[in-house]
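Spelled out, the chains give:
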Amino acid sequence: MPGTRPAAALAMDEKAADAVLKPAAKRRLAQAVDLSPTVLTDFTTAEARTVLARTRLLITGWGCPPLDAEALAHAPGLRAVVHTAGSVRGHVTQACWARGIEVSTAAAANAAPVAEYTLAMILLANKRVLPAARAYRERRSRGEWLLADPTLGNYRRTVGILSASLVGRRVMELLRPHDLRVLLHDPYVTEEQAAALGAVKAGLPQVFAASDVVSVHTPLLPATRGLVGGDLLALLRDGATLINTARGAVLDQDALTDQVRRGRLNAVLDVTEPEVLPAGHPLWECDNALLTPHLAGSQGNELDRLAESAVQEVFRWAAGERFAHAVRPEHRNLLA
């Protein structure tokens, strides 16, 4: 009976609601909860406060307003938040943790396409596909068919991974079938844990000095802002590639731009600081820089994976079970 289902509401940008939670997903949600037809985009309106007053579960997404003390004051029965995207830092506030509200995230689901993008870029970078394609287009000839350059190719190359985050771990898992050596920098991971992930634990200088490709998966925290600075970039060997799918501010972008403009390093940047770079920024004109528009995360039919993750979490919660992808309060300061 509808009256026996806990009341739930969507809180996100309306376009995000339509993109992620298609009609079939909403119909499934309605089997577990009494879902309000109103999508909450602003918690301060009279309509929103009426909805919040009866809501026990919020299903959130991109564009959700902050769940601060004022918003929670109008949601006395709120017990849980199921997020249909990755990071909850933008809307789950200290007031939520203080009340003991349970929080789930689809970060694991969103990590899958980011890791796939990263794997593709690592393999393409070592194969030098982009410069080879440009040269092929310009000369309309294959040139030498047998290239004996020992620095080209993916056999026994070294890949550096910054952070054993959800994405970083998935990348290392995808790298396992390949003949690559993986170095991992993560201060919270032991040597034994790194080995279990298929990597060798290493310090930052070692990772940069030894790697042909370095891929950044570090969350943006006060301690990690500008983590990858000019001193580390200078350790990379000539022709190495830096991949960033995390946050632009983890890098010293000016230092990277200088190295890329001089042709010493290659860069694959799915994120920049700011997003989007100004029209006149030199990285736009660098042939050895590939800029993509935050494409690595869930897009297109990959959004259905986020919806499936959220729907499963809602069913668990409605059945009185624990979330499979709970965000723990003690980890909130490490969240991306």
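Preceding this section is the structure that the text describes.
How each quantity is defined
- Residues numbered from 1 in each chain as written.
- Predicted model: local features only at pLDDT ≥ 70, side-chain atom pairs only at ≥ 80, totals over all residues.
- Heavy atoms only, no water.
- Helix = DSSP H or I, 4+ residues; strand = E, 2+ residues; numbered from the N terminus.
- Areas by Shrake-Rupley, 256 points an atom, 1.4 Å probe, with all protein chains shown as cover.
- Buried < 20%, exposed > 50% of the residue type's maximum accessible area, 1.4 Å probe, protein only.
- Pairing = 2+ DSSP bridges.
- Contact = heavy atoms within 4.5 Å.
- Expected span 1.5 Å × (residues − 1).
- Salt bridge = Lys/Arg side-chain N within 4 Å of Asp/Glu carboxyl O.

1. What to know about the overall build of the protein
Right, on to step 1. When its secondary structure is counted, the protein shows 13 helices and 12 strands.
Right, on to step 2. Seen through its principal axes, the protein has C-alpha atoms that stretch 75 × 45 × 35 Å.
Right, on to step 3. Accessible surface for the protein amounts to roughly 16,600 Å². Of this, 54% is attributable to carbon and sulfur atoms.

2. Points about the pairing of strand S10 (residues 241-244)
Right, on to step 1. Covered by surrounding structure in S10 are Thr241 and Ile243 together with Leu242 and Asn244, the residues of both alternating faces.
Right, on to step 2. The pairing of strand S9 (residues 213-216) with S10 spans 4 bridges and is parallel. Across the sheet, residue Ser215 finds its bridge partner in S10, namely Ile243.
Right, on to step 3. The pairing of S10 with strand S11 (residues 266-269) spans 4 bridges and is parallel.

3. Considerations on the sheet that holds strand S12 (residues 289-291)
Right, on to step 1. Taken in spatial order, the 7 strands line up as S8-S7-S6-S9-S10-S11-S12 in an open sheet, and their pairing is parallel. Whereas interior strands pair on both sides, the edge strands pair on one side only; in this sheet they are strand S8 (200-201) and S12.
Right, on to step 2. In the sheet, strand S6 (residues 157-162) pairs with S9 via 4 bridges, with the strands oriented parallel. When the bridges of S9 are listed, Ile161 appears paired with Ser215.

4. Examining unusual backbone geometry
Right, on to step 1. Note that the residue after Glu273, namely Pro274, is joined by a cis bond; omega there is 0°.
Right, on to step 2. Mapping Pro274 onto the fold places it in the loop between S11 and S12.
Right, on to step 3. With an omega of 10°, the peptide bond running from Glu275 to Val276 counts as cis.
Right, on to step 4. Here Val276 shows up in the loop between S11 and S12.
Right, on to step 5. For Arg128, which is not a glycine, the phi torsion comes out positive at approximately 55°.

5. Some points on the environment of Ser309
Right, on to step 1. Assignment of secondary structure puts Ser309 in helix H13 (residues 303-318).
Right, on to step 2. Residue class for Ser309 comes out buried when judged on its relative accessible area of 12%.
Right, on to step 3. In contact with Ser309, not counting residues within four places along its chain, are Ala106, Ala109 and His325.

6. Focus: helix H6 (residues 107-127)
Right, on to step 1. A rise of 1.5 Å per residue sets the reference length of H6, with its 21 residues, at 30 Å; its end C-alpha atoms lie 30 Å apart and thus fit the reference within 8%.
Right, on to step 2. The element H6 is extensively covered by neighbouring structure, given that 15 of its 21 residues are classed as buried.
Right, on to step 3. Immediately downstream of H6, the backbone of Arg128 shows phi near 55°, a positive value.

7. Focus on the pattern of salt bridges
If charged atoms from side chains of opposite charge come close, those side chains can pair.
Right, on to step 1. For the coordinates displayed, the defined rule picks out 12 salt bridges.
Right, on to step 2. Of the charged contacts in the structure, one is a salt bridge between Lys22 and Asp304, with a shortest N-O distance of 2.8 Å. Highlighted residues: Lys22 in the loop between helix H1 (14-20) and helix H2 (23-32) and Asp304 in helix H13, separated in sequence by 282 residues.
Right, on to step 3. Classification of Lys22 by relative accessible area gives partly exposed; the value is 33%.
Right, on to step 4. We note a salt bridge from Asp258 to Arg262, for which the minimum N-O separation is 3.3 Å.
Right, on to step 5. Judged by its relative accessible area of 40%, Asp258 is partly exposed.
Right, on to step 6. Several salt bridges share partner residues, and in doing so they unite Arg157, Asp212 and Arg237 into one network.

8. Some remarks on the environment of Tyr117
Right, on to step 1. With respect to the element layout, Tyr117 can be found in helix H6.
Right, on to step 2. Considered as a pair, Tyr117 and Thr245 are 128 residues apart in the sequence and their alpha carbons are 8.8 Å apart.
Right, on to step 3. Apart from residues no more than four positions distant in its own chain, Tyr117 is found in contact with Thr245, Val268, Asp270, Thr292 and Ala296.

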